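Structural features, examined
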Amino acid sequence: MSANFIDGELPALQDAVAMALEFAQGLGVNAAEVAISKQQGLSVSSRLQEVETVEFNKDGALGITVYRDGCKGNSSTSDLSADAIREAVRAADSIARYTSEDPASGLAEKSLMATEFPDLQLYHPRHTTPEELAQLAIAAEAAALGRDKRITNSDGASANAHNSVRVYGNSHGFLQGYCSSRYSLSCVVIGSDDNGDMQRDYDYTVARQFDAMLAADKVGISAADKTLSRLGGRKLATGNLPVLFAADVATGLLGHLVSAISGSTLYRKSSFLLDALGQPIFPAWFAIHEQPKLLGGFASANYDSEGVATRDRFIVEQGVLQSYLLTSYSARKLGMQNTGHAGGIYNWTVTDSGKSFQELISSMDKGLVVTEVMGQGVNTVTGDYSRGAAGFYVENGEICYPVEEITIAGNLRDMFRNIQAVANDREMRSSIRTGAILLDSMKIAGS
């Protein structure tokens with residue numbers, strides 16, 4: 001797999017985007033925007049220390065959107081020849097002539113376009129062979145299977161190397177692109193005990209740079225240890241308990257905040273945080289800082305998918321919601337200012353309380369550590385939260401035994417407001433960088 005493929009493609013893709021915009025201008029449309037992305041990757045999976053699959057992928061497409069008299073049309077093509085691009089532009093224009101007028105549609109304002117493009121160190125190409133990735137996957141499995149005789153089977157390991165390039169341009173004169181790389185390794189194993197209980201768990205590592213990944217044996221050992229810790233799981237009696245969401249689960253908890261304050265949810269009036277801007281929704285010590293320009297960040301970008309400049313901001317400060325997440329369309333629908341969030345969020349860092357995950361466990365009299373949630377029981381309209389869960393029961397500051405087949409329930413408004421602490425050992429593999437989150441109480445439905 002050539003390490004130079006992606007960056008070598010960038011000039012040609014920029015030319016293709018410029019060509020599409022020129023064709024659109026020639027048709028007399030009011031405005032146009034063009035985005036193109038290409039990905040190249042290599043994935044190798046193993047099972048029981050034998051290579052199972054080797055996959056090469058290389059794909060991409062150009063998407064064109066035109067605006068004519070308040071009407072919008074879209075088209076796409078994976079063929080980047082001049083004739084194919086011209087045909088895609090014509091198709092988008094033809095669609096725009098038949099769609100209904102929407103006053104909120106159109107490009108983001110020209111004044112919001114990004115003008116500075118520092119290198120965010122997102123691209124670290126490396127020539128990677130199937131043999132090298134296979135060695136990583138097999139080494140992770142070997143370490144897991146050799147950890148303990150109770151690790152009786154493997155659900156496989158996977159090593160991946162992916163590079164991508166993205167280019168965006170519009171009729172404001174904006175035309176930019178960048179490359180990125182991503183390497184990962186995961187391992188899933190199965191354990192069983194003398195009582196016939198079987199459990200499954202996994203671990204993974206991900207990095208922008210190949211050599212920054214966690215060592216393969218550490219990934220495998222961690223997957224094995226997590227699986228072993230779940231053996232002998234029990235139900236809990238129904239009641240109320242403090243709940244500590246492990247960091248990788250806490251990212252999902254705050255993901256419900258992302259949904260609730262996103263513009264599309266708000267203008268449809270389907271959020272429990274309608275009219276919450278400027279209101280306290282978390283404890284006074286709690287903050288979420290968004291940092292789009294963190295070097296090498298998994299969610300770093302100089303501009304969003306509409307070309308709008310990203311910027312540092314507090315989403316939550318002193319517990320108060322400071323910003324919604326708005327695109328040009330949702331901002332117009334709400335009569336508000338575009339916040340540059342077309343395409344998602346950018347490296348949220350959550351304030352911690354100065355104590356580690358283990359220290360928060362030690363601080364609990366009785367409680368539940370949640371390491372896995374299941375199901376789709378979250379209502380964004382009302383904030384009602386009810387999900388299947390697994391984890392560990394805590395008493396006198398110590399983990400007593402694993403817990404499974406329970407349901408945890410509450411309301412996200414109450415859950416956010418009643419956060420007691422956030423651990424200082426953050427989950428760094430996510431766009432939401434948070435430690436474990438301790439809630440004062442949730443309903444537990446068990447036996």
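Reading guide: rules and limits
- Residues numbered from 1 in each chain as written.
- Predicted model: local features only at pLDDT ≥ 70, side-chain atom pairs only at ≥ 80, totals over all residues.
- Heavy atoms only, no water.
- UniProt positions renumbered as here; feature names shortened; annotations may be inferred.
- Helix = DSSP H or I, 4+ residues; strand = E, 2+ residues; numbered from the N terminus.
- Pairing = 2+ DSSP bridges.
- Axes fitted to C-alpha atoms, helices over the stretch in contact; angles between N-to-C directions.
- Contact = heavy atoms within 4.5 Å.
- Parallel < 35°, antiparallel > 145°, perpendicular 65-115°, else oblique.
- Left-handed = near helix turned anticlockwise from the far one by under 90°.
- Nonpolar A, V, L, I, M, F, W, Y, C, P; charged D, E, K, R; others polar.
- Expected span 1.5 Å × (residues − 1).
- Buried < 20%, exposed > 50% of the residue type's maximum accessible area, 1.4 Å probe, protein only.
- Phe/Tyr/Trp six-rings, centres within 6.5 Å; stacked < 30°, edge-to-face > 60°.
- Lys NZ or Arg CZ within 6 Å of the ring centre and 35° of its normal.
- Core = buried A, V, L, I, M, F, W, Y, C linked by side-chain atoms within 4.5 Å.
- Domains from an automatic or database assignment.
- Buried area = accessible area lost by both parts, 1.4 Å probe.
- Salt bridge = Lys/Arg side-chain N within 4 Å of Asp/Glu carboxyl O.
- Polar contact = N/O pair within 3.5 Å; in protein donor to acceptor, adjacent residues only side chain to side chain.

As named in an unreviewed UniProt entry, the protein chain is Microcin-processing peptidase 1, taken from Shewanella fodinae.

Quick notes on the UniProt feature "domain: Metalloprotease TldD/E C-terminal" (unreviewed entry) in the protein chain
Taking the UniProt record as the reference, the feature "domain: Metalloprotease TldD/E C-terminal" (unreviewed entry) is found at residues 238-446. The distance from the first to the last C-alpha atom of residues 238-446 is 5 Å, and the span holds 18% helix and 33% strand.

Considering the sheet that holds strand 1 (residues 31-47)
If you trace the six strands from one edge of the open sheet to the other, you get 3-2-1-4-5-6, paired in antiparallel fashion. For this open sheet the edge positions go to strand 3 (71-77) and strand 6 (198-207), each flanked by a neighbour on one side alone. Neighbour-to-neighbour, the strand axes of the sheet open up by a mean angle of 20°, direction not taken into account. Sheet topology note: the strand 4 (residues 151-170)/strand 5 (residues 175-192) ladder contains 17 bridges and is antiparallel. Bridge pairing in strand 5 places Ser-164 opposite Ser-180. Strands strand 2 (50-68) and strand 3 of the sheet are contacted by helix 2 (residues 82-96), whose axis makes an angle of about 155° with strand 3. Its contacts with the sheet put helix 3 (residues 130-145) on strand 1, strand 2, strand 4 and strand 5, and the angle it makes with strand 4 is roughly 140°.

Things to note about the packing of helix 3 against helix 4 (residues 216-229)
Relative orientation of the contacting elements helix 3 and helix 4 amounts to 40°, with a least axis distance of 7 Å. In terms of orientation, helix 3 and helix 4 fall into the oblique class. Handedness of the helix 3/helix 4 crossing: right-handed. Contact with helix 3, carried on its side by Leu-136, Ala-139, Ala-140, Ala-143 and Ala-144, involves Ala-216, Asp-217, Gly-220, Ile-221 and Ala-224 of helix 4 and no other residues of that element. Partitioned by chemical class, the residues of the contact of helix 3 with helix 4 number eight nonpolar, one polar and one charged.

Regarding helix 3
Over its 16 residues, helix 3 runs 22 Å from end to end, which matches the ideal 22 Å to within 8%, given 1.5 Å per residue. Of the residues making up helix 3, those classed as buried are Leu-133, Ala-134, Ala-137, Ala-140, Glu-141, Ala-143 and Ala-144.

Quick word on helix 2
Each turn of an α-helix holds 3.6 residues, which means side chains three or four residues apart point in the same direction. For helix 2, which comprises 15 residues, the first-to-last C-alpha distance of 21 Å matches the rise-based estimate of 21 Å (1.5 Å per residue) to within 8%. By the burial criterion, the buried members of helix 2 are Ala-84, Ile-85, Ala-88, Val-89, Ala-92, Asp-93 and Ala-96.

Focus: the side chain of Asp-93
Within the element layout of this structure, Asp-93 appears in helix 2. Apart from the residues lying within four places of it in its own chain, the contact partners of Asp-93 are Leu-27, Val-29, Val-66 and Arg-68.

Some remarks on the side chain of Thr-65
Mapped onto the secondary structure, Thr-65 falls in strand 2. In this structure Thr-65 touches Ala-31, Ala-32, Glu-33, Lys-72, Gly-73 and Asn-74, once residues within four positions along its chain are discounted.

A few points about the packing of aromatic side chains
For the structure shown, the criterion picks out 13 aromatic pairs. Relative to Phe-286, the ring of Trp-285 has its centre 5.8 Å away and its plane inclined at 65°; by these criteria the two rings are edge-to-face. Put simply, the rings of Phe-117, Tyr-168, Phe-174, Tyr-178 and Tyr-303 touch in pairs and so form one group of aromatic residues. The residue whose ring lies beneath Lys-226 is Tyr-202, and the NZ or CZ to ring-centre distance is 5.2 Å. Above the face of the Tyr-401 ring, Arg-234 is positioned so that its terminal group lies 3.8 Å from the ring centre.

Quick word on the nonpolar core
Where a protein is soluble and globular, its nonpolar side chains tend to be buried together. One finds Phe-245 and Trp-348 to be the most contacted residues of the largest nonpolar core, which totals 50 residues. Residue contributions to this core peak at seven residues, all from helix 5 (residues 247-260). If we ignore the near neighbours within four places in the chain, the residues touching Trp-348 are Leu-254, Leu-257, Val-258, Ile-261, Ile-288, His-289, Glu-290, Ile-315, Leu-325, Ser-431, Ile-432 and Arg-433. One finds Leu-13, Ala-32, Ile-64 and Ala-96 within the second-largest nonpolar core, a separate group that totals 25 residues.

A word on unusual backbone geometry
Positioned with a positive phi, Gln-121 is a non-glycine residue whose angle comes to about 55°. Note that Gln-121 resides in the loop between helix 2 and helix 3. The partly exposed category is assigned to Gln-121, whose relative accessible area is 37%. For Gln-318, which is not a glycine, the phi torsion comes out positive at approximately 50°. Topologically, Gln-318 is positioned in the loop between strand 9 (313-317) and strand 10 (320-321).

Some thoughts on the domain arrangement of the protein chain
Under the domain assignment used here, the protein chain contains domain 1 (6-228) and domain 2 (233-446). For domain 1 versus domain 2, the separation of C-alpha centres amounts to 25 Å. Listed by partner, the interface residues are 32 residues for domain 1 and 27 residues for domain 2. Both sides of the domain 1 and domain 2 interface together cover about 2300 Å² of buried area, and 52% of this is carbon and sulfur. The largest per-residue losses of area from domain 1 upon contact with domain 2 belong to Ala-104, Leu-112 and Leu-120, which jointly make up 25% of the total buried on that side. The tally of links between domain 1 and domain 2 comes to two salt bridges. Where Asp-203 meets Arg-429, a salt bridge forms, and the shortest distance between an N and an O atom there is 3.1 Å. The interface formed by domain 1 and domain 2 includes 15 residue pairs in polar contact (both at pLDDT 80 or more). Looking at the side of domain 1 that touches domain 2 residue by residue, the classes come out as 17 nonpolar, seven polar and eight charged.

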